[in-house]
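As a plain string of letters, each chain reads:
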Amino acid sequence: MLKVRRWRFLWMCLIAGLLTLSGVFPSRLEPAFAQSRFNDIQNHWAQACIESLSQKRILNGYPDGSFRPNAPVTRAEYASLMVTTFPGIVNATIPSRSLQFTDVPSNFWAASAIGQATNANFFSGYPDGTFRPNQNIPRVQAIAVLASGAVGSSTAPVDQTLAVFNDAQAIPDYAKKAIAGATEKRIVVNYPNVKQLNPNQAASRGEVAALICRTLPDTASLIPDQYVPGKPAVARSEIRAVWLTNIDSDAMFSRDRLNAAVQDLAQLNFNTIYPAVWNWGYTLYPSQVARQAIGLAFDPRPEAIGLKDRDMLKELIEQGHKRGLTIIPWFEFGFMAPADSELAKLHPDWLTQRQDGTQVWQEGKYPRVWLNPFKPEVQKFIADLILELVDNYDLDGIQFDDHFGLPNDFGYDDFTVALYKQENQGKLPPIDPKNPDWIRWRANKITAFTTQVFHAIKAKKQDVLVSLSPNNYDFSYNHSLQDWRTWEQQGLIEELVLQVYRDSRQGFIDELNQPEVKEARSHIPTGVGVLTGLKDRPVGIQQIRDQVQLVRDQGFAGVSFFFYETMWNLSNESVSDRKAIFNTLFSPALPRPNIAKKAAI
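As the structure is a prediction and not an experimental result, all values here were calculated from the model. (Residues numbered from 1 in each chain as written. Predicted model: local features only at pLDDT ≥ 70, side-chain atom pairs only at ≥ 80, totals over all residues. Heavy atoms only, no water.)

**Some details on the sheet that holds strand β8 (residues 361-363)**
Taken together, the three strands give an open sheet; going across it, the order is β7-β9-β8, and neighbouring strands pair in antiparallel fashion. Both outer strands of the open sheet, β7 (336-338) and β8, are each paired with one neighbouring strand and no more. The sheet shows a mean angle of 45° between the axes of neighbouring strands, taken without regard to direction. Relative to strand β9 (residues 366-370), β7 runs antiparallel, the two being bridged by three bridges. Note on β9: the bridge partner recorded for methionine 336 is tryptophan 370. (Pairing = 2+ DSSP bridges. Helix = DSSP H or I, 4+ residues; strand = E, 2+ residues; numbered from the N terminus. Axes fitted to C-alpha atoms, helices over the stretch in contact; angles between N-to-C directions.)

**Regarding the pattern of salt bridges**
Applying the stated criterion across every chain yields a total of 25 salt bridges. With a shortest N-O distance of 2.8 Å, glutamate 303 and arginine 301 are connected by a salt bridge. Accessibility expressed as a relative area gives 16% for arginine 301, which makes it buried. Lysine 445 is paired through a salt bridge with glutamate 423; the nearest N and O atoms lie 2.7 Å apart. In this pair, lysine 445 is assigned in helix α16 (residues 436-460) and glutamate 423 in helix α15 (residues 414-423), connecting sequence segments 22 residues apart. Here lysine 445 falls in the partly exposed class, since its relative accessible area comes to 23%. Relative accessible area serves as the criterion here: at 36%, glutamate 423 is assigned to the partly exposed category. Three or more residues joined by partner-sharing salt bridges are found here, namely Arg186, Arg214 and Asp225. (Salt bridge = Lys/Arg side-chain N within 4 Å of Asp/Glu carboxyl O. Buried < 20%, exposed > 50% of the residue type's maximum accessible area, 1.4 Å probe, protein only.)

**Observations regarding the sheet that holds strand β6 (residues 330-331)**
What the nine strands build is an open sheet, ordered β5-β2-β1-β16-β13-β12-β11-β10-β6; its pairing is parallel. Looking at which strands have only one partner, the edges of the open sheet turn out to be β5 (326-327) and β6. Where strand β13 (residues 526-531) meets strand β16 (residues 558-562), five bridges bridge the pair, whose relative direction is parallel. Residue pairing across strands places glycine 527 opposite glycine 558, the latter belonging to β16.

**Brief notes about helix α21 (residues 541-553)**
Compared with the 18 Å implied by 1.5 Å per residue over 13 residues, the 18 Å span of α21 between its first and last C-alpha is a close match. Taken as a whole, α21 has its buried residues at Ile541, Ile544, Arg545, Gln547, Val548, Leu550 and Val551. (Expected span 1.5 Å × (residues − 1).)

**A word on the state of the cysteines**
Using the criterion set out here, one finds one disulfide in the structure. Between the sulfur atoms of cysteine 49 and its disulfide mate cysteine 213 the distance is 2.1 Å. On the sign convention where negative is left-handed, the bridge of cysteine 49 and cysteine 213, at about 100° about the S-S bond, is right-handed. With a gap of 164 residues between them, cysteine 49 in helix α2 (residues 47-55) and cysteine 213 in helix α9 (residues 205-215) connect regions that are remote in the sequence. (Disulfide = S-S within 2.5 Å.)

**What to know about the environment of valine 464**
For valine 464, the location among the structural elements is in the loop between α16 and β11 (465-469). A relative accessible area of 1% places valine 464 in the buried class. For the pair valine 464 and isoleucine 398, spaced 66 residues apart in sequence, the C-alpha to C-alpha distance is 7.1 Å. Ignoring anything within four residues of it in the chain, the contact list for valine 464 reads Val390, Leu395, Asp396, Gly397, Ile398, Ile457, Lys458 and Glu494. (Contact = heavy atoms within 4.5 Å.)

**Some thoughts on the confidence of the model for the protein**
Of all residues in the protein, 86% have pLDDT values of 70 or greater, and the mean over the chain is 86. For residues 596-601, every residue scores under 50 in pLDDT, and the model assigns this stretch nine contacts once sequence neighbours within four places are set aside. (pLDDT = per-residue confidence, 0-100.)

**Brief notes about the packing of aromatic side chains**
Inspection of every chain in the model, using the stated rule, returns 38 aromatic pairs. On the numbers, 5.2 Å between centres and 80° between planes, the contact of tyrosine 420 with tryptophan 438 is edge-to-face. Linking tyrosine 420 in helix α15 with tryptophan 438 in helix α16, this pair joins segments that are 18 residues apart in sequence. With respect to burial, tyrosine 420 and tryptophan 438 carry one shared label: buried. With a centroid separation of 5.7 Å and an interplanar angle of 20°, the aromatic rings of tryptophan 438 and tryptophan 441 are classed as stacked. Residue tryptophan 438 and its partner tryptophan 441 are located together in helix α16, separated by three residues, close to a single helical turn. Accessibility classification places tryptophan 438 together with tryptophan 441 in one group, the buried group. Aromatic rings pair up to connect Trp243, Tyr274, Trp330, Tyr501, Phe562 and Phe563 into one cluster. Positioned above the aromatic ring of tyrosine 126, the side-chain terminus of arginine 132 is 3.8 Å from the ring centre. Here the guanidinium or amino end of lysine 579 rests over the ring plane of tryptophan 568, the centre of that ring lying 5.1 Å away. (Phe/Tyr/Trp six-rings, centres within 6.5 Å; stacked < 30°, edge-to-face > 60°. Lys NZ or Arg CZ within 6 Å of the ring centre and 35° of its normal.)

**Here we look at the side chain of arginine 578**
Relative to the helices and strands, arginine 578 resides in helix α23 (residues 575-585). Excluding residues within four positions of it along the chain, arginine 578 makes contact with Thr532, Val539, Gly540, Ile541, Ile544, Thr566, Met567, Trp568, Ser571 and Glu573.

**Re the pairing of β9**
Of the strand pairs in this sheet, β8 and β9 are connected by three bridges, and their pairing is antiparallel. Across the sheet, the residue bridging to tryptophan 361 is arginine 368, located in β9. The hairpin formed by β8 and β9 contains two residues between the paired strands, and glycine 364 there has a positive phi angle of roughly 65°.

**Looking at the environment of leucine 496**
On the secondary structure map, leucine 496 appears in strand β12 (residues 495-499). Residue classification places leucine 496 among the buried residues on the basis of a relative accessible area of 0%. Distance from leucine 496 to glycine 529, taken between C-alpha atoms, is 9.7 Å for residues 33 residues apart in sequence. Setting aside chain neighbours within four positions, we find leucine 496 in contact with Leu468, Pro470, Trp484, Ala520, Ile524, Pro525, Thr526 and Gly527.

**Observations concerning the nonpolar core**
Ranked by size, the top nonpolar core spans 116 residues in total, and within it Phe270, Ile382, Ile398, Phe561 and Phe582 carry the most contacts. By residue number, the principal contributor to this core is helix α14 (residues 376-392), which donates nine residues. Every residue in contact with phenylalanine 582, bar those within four places of it in the chain, is listed here: Leu268, Phe270, Thr532, Ile541, Ile544, Phe561, Met567 and Trp568. Core analysis: the next-biggest nonpolar cluster, separate from the first, contains 43 residues, Val73, Leu162, Cys213 and Tyr227 among them. (Core = buried A, V, L, I, M, F, W, Y, C linked by side-chain atoms within 4.5 Å.)

So, in structure tokens, the structure goes:
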């Protein structure tokens, strides 16, 4: 019996590689050939679809020029298909058990493929210990494969959705949710009678081609709607974003690489880019504010030489808008700067310190310092950087993140101590940096500055979105003095993208269910930051897929991936495999949520 919940991988395989079905397996059948014309599909109902998929090298024909659209496909052939089209998943699977099906002898042509595919959880055998390798795959299984990978279970009452079929009672119980989900997604194709599913009928090559065409956004229209059951999906929205940074990535340092990145993201149906514009103590765009403060208008480091004599942000906004992408510049470092930056060297009086007088804050292997967010000169510098962008660029928003705050052990510099004494009857700040009143006093000061910045942005351009990508609230407030719950309650942020970088599935779910997150979701679009990897910490694509599905299952506004380079370049899996899966995650294209329609607070 097909293990439906484990067949999600197959969806990726079908669209990521060469789906050649009964013509691909060299140990069993003759070699197949890609071609745009076949001698046996003229006037076939799926002709245009088959030809398009052949041109894309997704479907192949036979040496005699035929496609054989009515030929069935066996379970053994599907097992071989899994191994040949998606070796990354198969090879990454550690065999968990000895697989000995009573009807698959060791010398069977697909024995190895069946073992590999079953160990990778693409297949499971039947209760009687058989695999039935020569059994033709029924339509119900073929559809369940696509549904499991594309849309998961039905979001409406299953029986209600399946009522569109005259033979719904013939659908096996194990597949009902998957078939309902596929029907809602409108990837099911029934020819010639749209109301007749024929779930237990063997799926033909032509029918599989039609299913794939309906699932791929650029070929869906090649199958006439008259063969597609269910009502067209109601238009909806979703944040589909990525953070683009200059750390461990050179995408920004060349016009050609930047354009290629934007094109990739647009083709994969992303709709938002959060590009870093302030980190390492420098701007990534030509800034007169930075020139006046530190004598440099952009990042001068050797690795960033590609920013010289060009305006990266202007290029990105032009290319992104041309492709329908929303561009929201991201102040990645906030009040933080490298200890050896020109900013720190030229303005030591702008820095804050710990109680023992130390200023360096170690972030991994990098020594950082913190600008004093309570000091007027620092506030003016940061505000001027932000408003410079609002004035000079056709941007869609501004995003702050977890560094738009201050570690709780800082704030013991002379200026801050004097300010605290002035407002607290001459008392010194508490010795304990975690003292609740001391935390609240500093957090309130940062909230007051955030309020000023928000209103200054809106005074210049009302339609510029103010976004925030913080850590969970407890850490943000108690560790970073970032009271984003209050910011949200006061209307100072219009979009929240919560960083939830957890490997543990339960830990990830727990973060999504925090009360302040639920409260924010009732007011503003609230998305989730998903970790796609770091330079030395790859994240598997299955974890990414699972987390995106969890976000959707709980009704969040969308996701943003951290960060661009690790989505497919810095990983242990192939670029093509990972891109294919991202393509399935964001199919079809959807717009961002419209914040103009947010609920009143």
